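# Breakdown of the fold
Here are the chains, one letter per residue:
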Amino acid sequence: MSRLLQIQDLTLGFPDKAPLLDTVSLHVDDGEAVALVGESGSGKSLTIRAAIGLLPERAGVSGTVSVRGLDTLTASRQRLMDLRRKDVSMIFQDPRAGINPVRTVGDFLGETLRFQGLSRAEAMERSITALEQVGLRRAKELTGQHPHQLSGGMLQRVMIAAALLNSPKLLLCDEPTTALDVTTQAGIVSLLRDQQQARGMGMLFITHDLNLAASLCERVYVLRNGRVVEQGATRDVFLAPQQDYTRQLVNATPAIELDQVPERVDVPGGQPLLAAAGLSKRYELARGEVLTALDDAGFTLPEGGSLGVVGESGSGKSTLARLVVALETATEGELTLGGNRRPQRRLAAAERKILAKDVQIVFQDPYLSLDPRIPVGKAVADVFRLHQHQGRSEALDSARELLGRVGIAEDRCDALPRALSGGQRQRVALAKALAARPRLLVLDEATSALDVSVQAQVLDLVEELRDQFGLTILFVTHDLAVVSRLCSEVLVMHQGRIVEQGPTVRILADPAEEYTRNLIGSRPRPLWDEEPAPA
Amino acid sequence: MTLTLRLPQQAGLRRYGQLLSPLGWAALLFTALVVFLAVFAPVLAPYDPDYVDLNNVLAGPGAGHLLGTDALGRDLLSRLMHGGRTALLGPTLVMIGSTVLGLLLGLAAGWSQGLLGRLLSRFFDLLFAFPALLLAMLAIALFGKGLTAPIIAMTIAYVPYVARLTQSLVAAERGRPYVQAYQVLGFRTPWVVLSRVLPNLMPTVGAQSTLNFGYVLADLAALSFIGLGVQPPTSDWGAMIEESRGALLGGHLLPAFWPALVIVLVVVAVNILGEELSDRIGGKLA
Amino acid sequence: SAGAQGLGETSDGEKFTLSTSSPEPGSEIENFNWAMYAEPYSLDYAYSFDYPDNTVLSNVCESLFRWNEDLTTSPGLATGFANPDPLTWVYTIREGVKFHDGTEMTAKDVAASLSRHIEPEVGSFWASSYQNVESIEQTGEYEVTVRTTRPDYVFNSALVGAPGVVESAATLEEAGPDYGNSTTGVNCTGPFQFESWEPGESITLQRFADYWDQDLRAKSERVTFRMLPDANARTNALQTGEIDGGFMIPSNAIDLLKANEDAGTLYFGTDTSVQSMVFTDLEGTFKDVRVRQALMMALNRDALINAAEQGYATGTDALTTRNVWNEASPETVDAAFEALPSLPYDLEEAKRLIREAGAEGSKFVFATASLNAAFDITARAIASAAKEIGLDPEIQTMSNDKYTTLFSDPEAREGVDLLVTSWYLSANEPLEMYSVLRTGDFSNYGGWSNPEFDGLVNAAFEAKDPDERAGLTAQAAQLAAEEVVWGPLYESVTTMWLGNRITGAAPSINYMYFPWAAKIGGR
Amino acid sequence: MTTAVQAPTAAGAPGPAPGKRAKVRARGPAVFILQKLAVLAATLFVASLAVFFSRFLVPGDPARFLLRGRSPNPDALAEITRQYGLDKPAWEQYLNWITGIFQGDWGRSLTYRQDVTEVLLSRLPTTLQLVALAAVFITVLGLLAGILASLNKGFGDKFILITLTAAGAVPPFVAAIALVALFSVGLGWFPSFGSGDAGWDRIWHLTLPAFALGITYIAMVARVTRSSMNEQLVREHVEVATSRGLNRGAVVLRHVLRNALGPILTVSGVLVAGLLVSSAIIERTFGLAGIGQLLVTSIDRLDFAVVQAIVMVVVAAFVLVNTLVDLIQPLIDPRIAAGTETR
Ligand SMILES: Nc1ncnc2c1ncn2[C@@H]1O[C@H](COP(=O)(O)OP(=O)(O)OP(=O)(O)O)[C@@H](O)[C@H]1O
Ligand SMILES: Nc1ncnc2c1ncn2[C@@H]1O[C@H](COP(=O)(O)OP(=O)(O)OP(=O)(O)O)[C@@H](O)[C@H]1O
Ligand SMILES: [Mg+2]
Ligand SMILES: [Mg+2]
């Protein structure tokens, strides 16, 4: 067993700033898969890039990074190029950003082969073989296509095929599945694992998802603020973390625990708060195609209930949420909210104001969901003034109080959104929604963009608020674990259709539909878990 | 000829309000100085800009005349200061007019994505086909020489530059969750557009308008230079260059040099300002 | 730098000397390029009124008489004329003259050509020269007779210019309204024939092999007139030798070119132009003769000549130059010029006159155009002077075209009080100038009316003896000068540049009607 | 293995599992081209309406407007009225005008006593050659400066940027004056006026004017090139290419410049009309007989028929070039053809 990658006391930073990486040391040996986990901004990407000599411009570096004995921090351009061509490959996070959109897939694959002295035809042949190896069919056809004609999962396979072309000894992966659906992710992960095992490569795998790290790697490093806080065998680190931080991280990582699912609320004889029947939404695309984003959806949600909507990307979850809050008008079907049938047209301003007291929404992206120019206190106060008809100062007081309840300290009330962290912003967004005193709160992936620990906090907050305000909740997510924690009922969507719905416990424990089973089975399982994953 | 700023890559509106770079400050100060001197020219100018002193023609810079005199013995500094009034007035009017009109049309086009939006888009495309200078010349051909016709024409010609930018910004902004949140919260659309969305666009649009100012200044100077714009004896930078070209033959460079220098410096300063604005506000463009 | 052009060094002779000719050419050449400040609108002689048109046309089309370098007249396409009675002019046409298309010129062509000036549908710019003409007839194979309604001794002298041009009658018939434009061209008898016209760019003439006058056979195979409206571009081209020569050198460029002896030679020659102010409204601010006098006295003409013409001009109190009086005896001419009152630069007196006339703060409209740098400067200087003595000028700058219409269109002059013009005489007859100031004359822009003056001028028209005619003209001139109907500023000088490749042409205003280019050959 | 092969999708978001699509009308390049051509025709039509009816903005007798400044003698007035059919209803006048244009008849010039077509045709080549040469300068120098600035961060970039800012602010007429003073009169390297004879002489004559004409645009293209390249340089696919061991040259050429071409092309399309108009200023200074100078003189001489024709020509050139650019864009970026990316 030889040492492929050895990072020793790597410190990286910009002058006059706190270092981004602080004495990071790690190593990867031949044939082993090593995970590097940590929250966003902890320095994972910086570390892995240093391995192939991609450093931020003008950054100050110290320590050593050696790949098969070559110090990539000091190596000449030519040596680095040789290293990249022969020994090391890297897979990036977003395949769509990583492959030049204006060139064909074949071009992308072949461009490194051409300077190995292969002819165009030979390069093409090798590319096709490589594509087949990563499980892509119709490989020949694919080589002539452009990236935008492929799905994300396919593209990531192309990327992997490209990385494997030069039979590298060391494979570096920077969150290669983050941009993908769970089901797609499962495929990619098993592909990577298979290839790594088959070729005996060393692999350094970056992720923020502990479950994923556990499902793929034998060893793990935990990174926090540019420092390695803990390392060791994956199983040891996850099952018996030594450090507080690691413990926190492990605890915050959502898992499906069926005994934790909230109780179902029964409203005896009462009307459901939200009821949909035959709800459809079709979009006319620019090229004359018609896209059915939501197809014949029907469900009810009782007052005080909590309904989770899960499904792959593009399955129509957000469309459903947007229909409920009247950001879209249904093409067909009926939607009843609080006993009122929704008219099939755009709402007038007055209607919208009334509706606002029934339903509110919190969006996914914490960076875009607040007005960049308005201090958060004022943003919430504006809602109070509109809906509670309060005066300027009274509204501001109410806003402060409400923000306090969602965990935003009084002194942050005058801050602009950009001065807040992602978690704080989502708290403000929640407060804004709650200021209208809605009965139903729709959360569209409201926690997906947050780090696990922050996500856990925000989920706690939502639970707390639900109880305090007696809210009914419609929770849109792709994460089954989150649903299991928050929702008593769940609704599984696929390609615009509701494939299955019912109590969360029942669906997770005993899915009736193939698709649901697939979804549940795609969740990464730790290597040490005996139970084989259902295929 | 000119271009619209391109859309900021990401949620660029997050960051604005930062201060200018030293170069930006220099540009701002210089522009302010020029505007000040022009506005207060009647008070500050040492001479009547039209006073002809035939005994003192083409004098070099000296005690009596800080920048020298032209072929008629007129004081160049005074003419420059008075010329600034005409030279800056046109671009200012065009900038204000085209910004206001462009914002309104752009908001309408960007917000209503239906038929109105498409029609307005086509309208902008059509206007784009008429370069500002060409439209100004057409206006002059119709209504005669002077400043009024070209200013109106240029205002129209620059509307699509502002409008298209506004339209794309609004369309992008409209889809942002924070705007949708306003809708869901029940705020009235006109209020959201005018008091929440518009201010967020202003810096980027302002940057475009600032750049437009420079283009218009150069275009109007060119019109005056070819004798279609400001008519002598009204002092104007472009016209001053034209008037002083003859003196170049006799080796008297200064009468044409000063106005040329001022035009170049003002355009540079304004461009720097516009670029800094767009850089700082609209995400890294340059 | 500018101090060198102070007041001490005034115009006369010191700054420039007039030449009557340039050295004879030593060789024939292939071609030469000539600078034009504007493009002719047309080569139709009936519309060729301005410098550019005539500069080209004079080499292609000839008139019945020739205007020589010293501004005397000699036979041209007419070998002679008779004036059997005051109303009849009989012209003998030269035989054996060929048009450029090879056909021979006859009296028929002459009659047809002249007649166009009196045909209303043609709308000749020279109709006023023919104002008294009753009929034009071919009276022999080589004889044409013109009858006038009243004695008109000025008519005959006009035939040296465009009014006397002869074109082939067949061509006129054939070309119709396209005659003289850039595609059709013309078909005359001159030493050069029309070859091509690239609109906006150039006009090329080719030597006419069958030219009748061997003395004036062209010494260059070709001449190309290049349009360079931009004065600086023109000067640059002259300096770099891209263009071989030109008339009317921009005054700014004179010193520069004069100093550049390697590139060529600058000649000064006789001119008939006088730069004058024209009071176009004698009912408004300029009703009172004192106001007109005051404005004249407020102008420092020597300084103006230095600023506008770089000193290459001569101050004058007359509306005509001396050289157009050359048919009269020197004594008569001396007397005529001495009798003219002068209005020297005197600001105080000017202000006093304005006060006396009660015209302080009185507004007037001054129309100008950016014809050339000198013109601009003159206009600005007049405006500034008017302001200084307490008048309130409003300057209206017009396009050159519009400015030109001021001289032909009374409606366009509406509301205009003052303009400036460079007025040249196209014949050596001073009466041509004074005739326009008669009551009701087309070019009497101010509508001035003085019966005594009218009487003098009309009498002069009918006076057959040149000296007698000059005497009467002089009396009329004195009257007009006392009333300051027009305000004469300065006499211009003809300037001509010949690059170091060519020589032969004479610097004289006669280039407007004389085939000057034929004389140019290699050095 | 769950997602081995999926149907190709066009959605832009990463990893889309598509919703249901129906009624997929295949839309080949022919439709795309036809659509662009239809827009072109529509734009030209509306532009022609604007140009023609602009005359009606001027109050008063249209014949007098066309003769403005000239003495309105009744014959001429009648002639103009007849020639322009001014007694007919406006729409009929327009129809006559537009059908005339399709037959190559743009009316008759009042000052040149010639058909506008002839006047125009005799000047168009000069302007087109001038603009073409300027375009070459702009492309070569603009691209070069932009690429150099983008690839040399730090001092090189700053220097080029400052030079570009200054150069971009120099109005063409000032540039023209300075260039002539220096290179033709001072150094005598280039002729100072005229368009010379066909061939090299023409190029030699047009070099200075083309440069004066192009200088602002060189700066503009350079800036767009620079920013477009900078935008691409930080893209992940460039990093990927580097991480795969491609050398710098290949990365810049294949992944940065190639991808940066779109905006550069768009800008270049817009520039063409600007060049045509700015030539008005340059041609005058260099004594070139092109449509630019013709436009200025015609405005001066109130020859509205010529003005109208030139405006139409410039507008048509603009629309045409931009349609061409639109048609080329999909070749540069296939996503545009797919309709997922619009410019
Ligand atoms: N080129 C750079 N210039 C300046 N700062 C940088 C640069 N690249 C990264 N950083 C900073 O370094 C820190 C670590 O970044 P890094 O990309 O390694 O995080 P990460 O752990 O990969 O996070 P994520 O999970 O969000 O990808 C972050 O705070 C980031 O802002
Ligand atoms: N405004 C729109 N115009 C056209 N198509 C749309 C529009 N909005 C959504 N779609 C399409 O409808 C389908 C469903 O989209 P939706 O946003 O509901 O999916 P989702 O389940 O929320 O996915 P994700 O998990 O990625 O957010 C997608 O294919 C999407 O491209
Ligand atoms: Mg990262
Ligand atoms: Mg969604």
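Residues numbered from 1 in each chain as written. Chains lettered and ligands numbered in written order. Predicted model: local features only at pLDDT ≥ 70, side-chain atom pairs only at ≥ 80, totals over all residues. Heavy atoms only, no water.

## Focus on the overall build of chain D
Regarding its fold elements, chain D presents 13 helices and three strands. Scored against the burial criterion, the 343 residues of chain D give a buried share of 55%. Summarising the internal contacts of chain D: among those between residues at least 6 apart in sequence, 69% fall at separations of at least 24. For chain D, the computed accessible surface area is about 13,900 Å², with 69% contributed by carbon and sulfur atoms. (Helix = DSSP H or I, 4+ residues; strand = E, 2+ residues; numbered from the N terminus. Buried < 20%, exposed > 50% of the residue type's maximum accessible area, 1.4 Å probe, protein only. Contact = heavy atoms within 4.5 Å. Areas by Shrake-Rupley, 256 points an atom, 1.4 Å probe, with all protein chains shown as cover.)

## Notes on the site of ligand 1
Residues and elements named next belong to chain A. Residues in contact with ligand 1, as listed here, are Phe14, Leu20, Glu39, Ser40, Gly41, Ser42, Gly43, Lys44, Ser45, Leu46, Pro56 and Glu175. At a separation of 2.8 Å, an oxygen atom of ligand 1 approaches a polar backbone atom of Gly41. Within the backbone of Leu46, an N or O atom sits 2.9 Å from an oxygen atom of ligand 1. Along the lines of polarity and charge, the residues of the shell around ligand 1 split into four nonpolar, five polar and three charged. (Near = heavy atom within 4 Å. Polar contact = N/O pair within 3.5 Å; in protein donor to acceptor, adjacent residues only side chain to side chain. Nonpolar A, V, L, I, M, F, W, Y, C, P; charged D, E, K, R; others polar.)

## As for the packing of aromatic side chains
Tallying each qualifying case throughout the model produces 49 aromatic pairs over all chains. Considering the side-chain rings of C:Tyr51 and C:Tyr424, the 5.1 Å spacing of their centres and the 50° angle between planes classify their relative orientation as tilted. Here C:Tyr51 is found in helix α1 (residues 51-60), whereas its partner C:Tyr424 is found in the loop between β17 (418-423) and α13 (431-434), with 373 residues between them in sequence. The pair C:Tyr51 / C:Tyr424 is uniform in exposure class, with both members buried. Centroid distance C:Tyr445 to C:Trp486: 6.3 Å. Interplanar angle 10°. Geometry classified as stacked. Here the residue C:Tyr445 occupies a position in the loop between α13 and α14 (451-462), and C:Trp486 occupies one in strand β18 (residues 486-491), the gap between them amounting to 41 residues. Grouping residues by exposure puts C:Tyr445 and C:Trp486 together as buried. Its end group placed over the ring of C:Phe337, C:Arg322 keeps NZ or CZ at 5.5 Å from the ring centre. Above the face of the D:Phe52 ring, D:Arg55 is positioned so that its terminal group lies 5.4 Å from the ring centre. (Phe/Tyr/Trp six-rings, centres within 6.5 Å; stacked < 30°, edge-to-face > 60°. Lys NZ or Arg CZ within 6 Å of the ring centre and 35° of its normal.)

## Some thoughts on the site of ligand 2
The local shell around ligand 2 holds 14 residues, among which A:Ser313, A:Gly314, A:Lys317, A:Ser318 and A:Thr319 are the closest. Neighbouring residues of ligand 2 are not confined to a single chain but are spread across chains A and D. A:Gly316 places a main-chain nitrogen or oxygen 3.0 Å from an oxygen atom of ligand 2. The side chain of A:Glu445 places a nitrogen or oxygen atom 3.4 Å from an oxygen atom of ligand 2.

## Quick notes on the UniProt feature "transmembrane region" (unreviewed entry) in chain B
Residue and element names in this part refer to chain B. The positions UniProt marks with the feature "transmembrane region" (unreviewed entry) are residues 23-45, 88-111, 123-143, 149-166, 211-230 and 256-274. For residues 123-143, the helix share is 86%, the strand share is 0%, and the end-to-end C-alpha distance is 24 Å. Helix makes up 100% of residues 256-274 and strand 0%, and the two end C-alpha atoms of the span are 27 Å apart. (UniProt positions renumbered as here; feature names shortened; annotations may be inferred.)

## A few points about the domain arrangement of chain D
All names here are of chain D. Looking at chain D, the domain boundaries give domain 1 (29-102) and domain 2 (127-334). The gap between the C-alpha centroids of domain 1 and domain 2 is 32 Å. Counting residues at the interface gives 20 residues for domain 1, matched by 15 residues for domain 2. Together domain 1 and domain 2 conceal approximately 1,500 Å² of surface at their shared face, both sides included; 77% is due to carbon and sulfur atoms. Linking domain 1 with domain 2 are one salt bridge, by the criterion used here. Our count for the domain 1 to domain 2 interface comes out at zero residue pairs in polar contact (both at pLDDT 80 or more). If you list the elements that add at least two residues to the side of domain 1 that touches domain 2, you get α1 (29-53) and α2 (62-66). Sort the elements by how many residues they give to the side of domain 1 that touches domain 2 and α1 lands first, with 11 residues. Residue composition of the side of domain 1 that touches domain 2, grouped by class: 12 nonpolar, four polar and four charged. (Domains from an automatic or database assignment. Buried area = accessible area lost by both parts, 1.4 Å probe. Salt bridge = Lys/Arg side-chain N within 4 Å of Asp/Glu carboxyl O.)

## What to know about the nonpolar core
Counting 141 residues, the largest nonpolar core has B:Met137, B:Met154, B:Leu223, B:Trp237 and D:Phe173 as the members making the most contacts within it. Each of domain 1 (29-102) and domain 2 (127-334) of chain D gives at least three residues to this core. Residues in contact with B:Leu223, not counting those within four places in the same chain, are B:Leu133, B:Ala136, B:Met137, B:Ile140, B:Pro150, B:Leu228 and B:Gly229. Judged by nonpolar contacts, the second largest core, of 92 residues, contains B:Ala247, C:Ala303, C:Leu425 and C:Ala477. (Core = buried A, V, L, I, M, F, W, Y, C linked by side-chain atoms within 4.5 Å.)

## Digging into the interface of chain A and chain B
Chain A puts 28 residues into the contact, and the matching count from chain B is 22 residues. Of the roughly 2,200 Å² buried between chain A and chain B on both sides combined, carbon and sulfur atoms contribute 60%. Counting across the chain A and chain B interface gives one salt bridge. Here B:Arg196 makes a salt bridge to A:Asp382, at a shortest N to O gap of 2.7 Å. At the surface where chain A touches chain B, the tally comes to nine residue pairs in polar contact (both at pLDDT 80 or more). Mapped by element, the contributors of at least two residues to the side of chain A that touches chain B are α13 (349-356), β16 (359-362) and α14 (376-387) of chain A. Ranked by residues supplied to the side of chain A that touches chain B, first place goes to α14(A) with five residues.

## Notes on the arrangement of the chains
Inter-chain contacts occur across five pairs of chains; the most extensive set of contacts lies between chains A and D. A gap remains between chain A and chain C, with no contact made and the closest C-alpha atoms lying 48 Å from each other.

## Quick look at a nonpolar patch on the surface
Residues and elements named next belong to chain B. On the surface, Val35, Phe36, Val39, Phe40, Val43 and Leu44 cluster together into a nonpolar patch covering about 530 Å² of accessible area. Taken together, the elements giving at least two residues each to the nonpolar patch come down to α1 (22-39) and α2 (41-44). Ranked by residue count, the leading element in the nonpolar patch is α1, at three residues. Structurally, Val39 is set in helix α1. (Patch = residues over 30% accessible without salt bridge, like charges linked within 9 Å, V, L, I, M, F, W, Y side chains within 5 Å.)

## Brief notes about the packing of α1(D) against helix α12 (residues 304-332) of chain D
Residues and elements named next belong to chain D. α12 packs onto α1 with a crossing angle of 160° between their chain directions and a minimal axis gap of 10 Å. Put simply, α1 runs roughly antiparallel to α12. For the pair α1 and α12, the crossing hand works out as right-handed. Contacts between α1 and α12 involve Phe32, Ile33, Lys36, Leu37, Leu40, Thr43, Leu44, Ala47, Ser48, Val51 and Phe52 from the former and Gln308, Val311, Met312, Val315, Ala316, Val319, Leu320, Thr323, Asp326, Leu327 and Pro330 from the latter. (Axes fitted to C-alpha atoms, helices over the stretch in contact; angles between N-to-C directions. Parallel < 35°, antiparallel > 145°, perpendicular 65-115°, else oblique. Left-handed = near helix turned anticlockwise from the far one by under 90°.)

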